[in-house]
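Chain residues, written in single-letter form:
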Amino acid sequence: MKWEVIWSRVALGLAVSAPALELVHAFRSPRWTSERKNAMRERTRDLWNHGFRAYMDNAFPMDELQPLACRGRGPDWFDPSAIQYNDVLANCSVTLVDNIDTFVIMNNRSGFQEAVRNVIHHVSFDVDTKPQVFETTIRVLGGLLSAHIFSSEESYGFAIPDYKSELLTLAHDLGRRLLPAFDTPTGIPYARINLRSGVPRGESVETCSAGAGSLLLEFATLSRLTGDARFETVATRAFYGIWNRRSGIGLIGNTINIITGSWTSPHTSGIGAGIDSFFEYALKMHVLTGESQYLDVWNDAYSQIMKYSRGHDGFWYRVVEMDTGELASANVDSLSAFWPGLQVLAGDVESAIKSHMAYWNLWNRFSGIPETFNVFTRQGVNLGYPLRPGEAIRNFRNRFKLFTTIAALLPEFIESTYFLYRATRDPFYLDIGDRILGDLGRRVKVPCGLSTISNLLTNEMEDRMESFALSESLKACFISTCVTSDLIITTQYLYLLFDEANMFNADSSNFVFTTEAHMLILNSTHLRSPPRIGRILRRSSQPVCPAYVPPRVALDYKWRSATNEPMQYIEGLIGTVRERVDFEYARLLSGVSLNPEDSFGRFGFRPNGVKSLAVVSDEDMMWWNPDGWCEVPKVEEYTLEWVLSSDGSSVNEDRAPGPDKIREVPDGYMILNITGVRIQVTARIDRTGYDITRLGQHRVFTGQKVHINDPAIIALHFPSTKATAKVDLPVQSLTPDIRLVFSFVSRIPAPGSISSTDPDLLSLSNQAGLGQRAFPPGSVSPIDTEPATRNDDVVKMVVEIMASTASFGGNPALLRTSPSAPPPPDAQSQRPLLFGPESPLNGAIRVVGAAIENIDGCDDHAPDLRVYPPIPNDEGPERRSHAVSVLFVRRGGCTFVRKLFAAKEAGFAGVIVWNDVSGGPEATGADSGGLLNPTVDTREAEFAKRELNDVAIVVITKDSGVLVDAMLARAAASEDEERGRIVVVEVKVDGMVAPHGGASGPQEPGGTEPRPHVLFINGLALLNTILVF
């Protein structure tokens, strides 16, 4: 990398204090101002309008436009075997129906109303055509449902005054005509159905997993909007008909016999064509409905894909044998480019960046993504993986035809680009959108619409503009300027990419994009309340999506003057994805050459016969050269398996452990004997730790706990396994929840008006559902540090509040039960933990609110907070200011590590974080203001371990924080009124509780509750597992 060439410019940029995130990027491309984004958005709108107007002027009411012949096309009435057309074209104006909601994305109310009227007046499903169930569902049924929602809901601004649910009536009629396809022994539907007469005699009994298992979003929405439960019932049965037939290693196949339920050859699995949208609908059904069973399917499926399909470097996801996980093909297909976007939705942004880089370099090389690409030969091929599931037979016959590289304006890559930009705000993804939009304008725009490219090397065109070209690809571009499924869909995502102010970019509700980029949402009247026990068990296991940390071009440290040791990271220069150390490696995977003689120039394609292809822009060449360096990527194992033993010896697996080994308990499972039990451990997507996800034949679901109570483990005082992973006991207990007792002392306004509680605070306490105890006048709270001077003039109110602890720093629940208890690490060099049950002054610590200008506690704290006396006999100068105070701050603004370190530097004993985040009425867990466990990322882990073990950080809920904030405000006001009299809020750690309502195991002799401990694997905790001593 040419750092020596550009470092002087970087230094100059730092000197003038340019925004850090844009400094490095600014050297390469024009800055992404609002004006530039808006200009790109309008370019996307123009491209979409060009295609849609061409369809309306030359093809409507037929299904598709032939842009080269400039005429319409419907089903092939003379050749029923022409499934490349008949699977999609049902003689129902498919392009119009598939694009109605694009007018909503582009904020075109008049266009939306006109499109709705055209559908109502021209579309009927009483037609003698045999389309594919999957294609008709995602394009037509999804388009009708989305348009109905926006036509009828006032809140979105597109409601039509005289609309009488005509679109919903059409959707119900279509759904009713599709129902006979599900009348099979397995519940898995036929791939095709005649909309007038039903399933024809002799219809094929094979279908693909994506086609049969990706109907849930549309069918569930139809059922809940109409009250007709049949549609969701059959789609759910089909979904689980696929999922319940997964292989012994948890992989689903590509093609299945709908009568016998057996998988057909080839028995392969992956993330691409024929399987792709099954995973998408599992996760998005959870987002749409909030129902946890779909999240369980996604978690299981994702862990096995990460174990078997993900390549060793983490970039490509391969086709593997579904029964063994062995490599079956070296080819990846263009449809699998949706995967990075789905990983973003699931919260695994780091993995998404890597997989997206591989597809980006394919686009960079070909100015499009070949339908199939061989990762070994690094050449575009066509091995029969279809553009759409219905084209499998046609393409399979061409499996040996090389360099065909069909590119039908598929939107999957653009969709992923859009999601990554929304997650990272990295301008690199806007650059990609710019490139995509330019390539589309140069390569597919013709005078009469937008064509398909049949050969990326020669730019040979196919006379077809599929409906998704407008409804997906350009839609994403408009929101963020990117591309999706077909050109219309491609424009939709491109539009969203660049339209920062679009209402869908600011919507945090449960709306989802279907696989055809139709927007669906269910309001509260159409959602089902989960069982209460399910809410309790899952509350503590909601992963928190980690904050995106962009690449650091330069790192510096704040040094401790006394010891000359690094004390705190100072991030000097922040780059974009281009600055990642594995970016060059991703370029290599796609076969891009850096030789200037191989360059394609500005159009990005060359005639046939070219074997070495290179599209390296000038801005890339500025930073990279053939002699540069790159880092070979390393990936952490996502899923681990091993057979346990208590003494470290190799033992045979017990394939069906009984109740003498594994016993069900209310909140999960209790392991009484670990020997021979096979466990599966899966990393949490936010990389904060692992969960046991399988015990022998038992599946451990999200929210359940695993309690290990094996006497052999207790006797040895450490667990052993036959796995290579490092497994060891922590030196201290980790308790997710603790009980805090807050005490409030305020002066009664007038003699004689004594009450046992402050009425305003009591009201807040009741609203929050908190336990509170009031002490009568003259009494003293158990956590008072000094008696009041006038007891008959003081009210004492004590409130119990639950708090969650962190995976780093001191443990405020840690209490040494005996002199022989092991000391914490580096005990000689650490001060006592003041925010805990063994704190001085009877455990009482004063609570101090952060200054209003530093409300989240991320900046250095001002000296005027230093209002409480130091601990006696404590000579540490940095401890004198806030020695027995904890800081009350709000969530957000920086990492939890930064909050705690800033508080420690100011002399506080710890931090209480108020989780005042609210993700809307449908949000759950931490995003709705609930409890969460602060974690530390890999980059900060060593620093936190070294510097923060003598201070602690906890989190309280949104409702609890409202009360504490009010108590602090009332105390501050009372101090002013009483001329400096000390009116305080104090807190005491009053013991630990079972993790988020779960049982912590059986009682020990004598009736005392056992001490739970947590196991660690490779330095990360098993978060759903408790070792009971």
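Calculation notes
- Residues numbered from 1 in each chain as written.
- Predicted model: local features only at pLDDT ≥ 70, side-chain atom pairs only at ≥ 80, totals over all residues.
- Heavy atoms only, no water.
- UniProt positions renumbered as here; feature names shortened; annotations may be inferred.
- Helix = DSSP H or I, 4+ residues; strand = E, 2+ residues; numbered from the N terminus.
- Polar contact = N/O pair within 3.5 Å; in protein donor to acceptor, adjacent residues only side chain to side chain.
- Salt bridge = Lys/Arg side-chain N within 4 Å of Asp/Glu carboxyl O.
- Buried < 20%, exposed > 50% of the residue type's maximum accessible area, 1.4 Å probe, protein only.
- Pairing = 2+ DSSP bridges.
- Axes fitted to C-alpha atoms, helices over the stretch in contact; angles between N-to-C directions.
- Parallel < 35°, antiparallel > 145°, perpendicular 65-115°, else oblique.
- Left-handed = near helix turned anticlockwise from the far one by under 90°.
- Contact = heavy atoms within 4.5 Å.
- Nonpolar A, V, L, I, M, F, W, Y, C, P; charged D, E, K, R; others polar.
- Phe/Tyr/Trp six-rings, centres within 6.5 Å; stacked < 30°, edge-to-face > 60°.
- Disulfide = S-S within 2.5 Å.

Attention shifts here to the UniProt feature "binding site: Ca(2+)" (unreviewed entry) in the protein chain. As recorded in UniProt, the feature "binding site: Ca(2+)" (unreviewed entry) lies at T515. Positionally, T515 belongs in the loop between β18 (512-513) and β19 (519-520). Looking at T515, its side chain comes within polar contact range of the side chain of E280, at 3.0 Å.

Let's shift gears to the pattern of salt bridges. Scanning all chains against the criterion turns up 40 salt bridges. Of the charged contacts, one joins D582 and R580 as a salt bridge, the two residues approaching to 2.9 Å between their closest N and O atoms. With respect to burial, D582 and R580 carry one shared label: buried. Here the residues in one salt-bridge network are D126, D173, R176, R177 and R196, joined through shared partners.

The subject of this paragraph is the pairing of strand β34 (residues 845-849). Within β34, 4 of the 5 residues are buried, which leaves the element mostly enclosed by the surrounding structure. Across 4 bridges, the pairing between β34 and strand β35 (residues 885-890) is parallel. Paired with V848 across the two strands is L887, which belongs to β35.

On to the packing of helix α7 (residues 109-122) against helix α8 (residues 133-152), then. Remark: α7 packs on α8, axes separated minimally by 11 Å, with the N-to-C direction vectors making an angle of 125 degrees. Here α7 is positioned oblique relative to α8, judged by the angle of their axes. Relative to α8, the crossing made by α7 is left-handed. Between α7 and α8, the residues in contact are F112, V116 and V119 and L144, A147, F150 and S151, respectively. When grouped by side-chain class, the residues that make up the contact of α7 with α8 number 6 nonpolar, 1 polar and no charged.

As a further point, take the packing of aromatic side chains. By convention here, two paired aromatic rings are described through the distance between centres and the angle between planes. Scanning the entire structure with this criterion turns up 38 aromatic pairs. Here the aromatic rings of W32 and F498 are separated by 5.5 Å at their centres, their planes lie at 20 degrees, and the arrangement is stacked. Taken together, the residues W32 in the loop between α2 (20-26) and α3 (34-58) and F498 in helix α23 (residues 495-498) connect sequence positions 466 residues apart. Accessibility assignment for this pair places W32 and F498 in one class, buried. Ring geometry for W360 versus F428: centroids 6.2 Å apart, planes at 90 degrees, classification edge-to-face. Remark: F428 occurs in helix α19 (residues 427-443) and W360 occurs in helix α16 (residues 349-366); sequence separation between them is 68 residues. Grouping aromatic residues by their ring pairs yields a cluster made of F239, Y240, W243, F278, F279, Y294, W298, Y302, Y317, F338, W339 and Y638.

Before going further, it helps to examine the side chain of Q704. Following the sequence through the fold, Q704 ends up in the loop between β27 (698-699) and β28 (705-708). Here Q704 is in contact with D667, G668, Y669, R699 and N1024, once residues within four sequence places are set aside.

With that settled, consider the environment of L963. In this fold, L963 is placed in helix α31 (residues 958-977). For L963, a relative accessible area of 0% gives the class buried. On a C-alpha basis, the gap between L963 and V799 in space is 9.3 Å, while along the polypeptide they are 164 residues apart.

Further remarks concern the sheet that holds strand β7 (residues 327-329). Overall, antiparallel pairing links the 3 strands, which are arranged β5-β6-β7 in an open sheet. The open sheet terminates on both sides in strands that have one partner only, identified here as β5 (268-269) and β7. Taken together, the 2 bridges between strand β6 (residues 319-321) and β7 define a ladder with antiparallel strand orientation. Along β7, the bridge assignment pairs V320 with L327.

Looking now at the packing of helix α11 (residues 216-226) against helix α13 (residues 276-289). Look at α11 against α13: their axes get within 10 Å of each other, and the N-to-C directions meet at 30 degrees. The angle between the axes of α11 and α13 places the two elements in the roughly parallel class. Contact residues: L216, L217, E218, A220, T221 and R224 in α11; Y281, K284, M285, L288 and T289 in α13. Residues belonging to the contact of α11 with α13 are distributed by class as follows: 6 nonpolar, 2 polar and 3 charged.

Before going further, it helps to examine the state of the cysteines. Per the stated rule, a full pass over the model turns up 2 disulfides. Put simply, C70 and C448 are joined by a disulfide, and their sulfur atoms are 2.1 Å apart. Since a negative S-S torsion denotes a left-handed disulfide, the C70-C448 link at about 75 degrees is right-handed. Taken together, the positions of C70 in the loop between β1 (64-66) and β2 (71-73) and C448 in the loop between β12 (445-446) and β13 (449-450) put the pair 378 residues apart, joining distant regions of the chain. Linked covalently through their sulfurs, C858 and C894 form a disulfide whose S-S length is 2.1 Å. Disulfide C858-C894: the torsion about the S-S bond is -90 degrees, which places it as left-handed. You can see C858 sitting in the loop between β34 and β35 and its partner C894 sitting in the loop between β35 and α29 (896-905), a full 36 residues away along the chain. For C858, a relative accessible area of 9% puts it in the buried group. Given a relative accessible area of 27%, C894 falls into the partly exposed group. Cysteine pairing for the protein chain, with bonded cysteines counted in sequence order: 1-2, 3-4.

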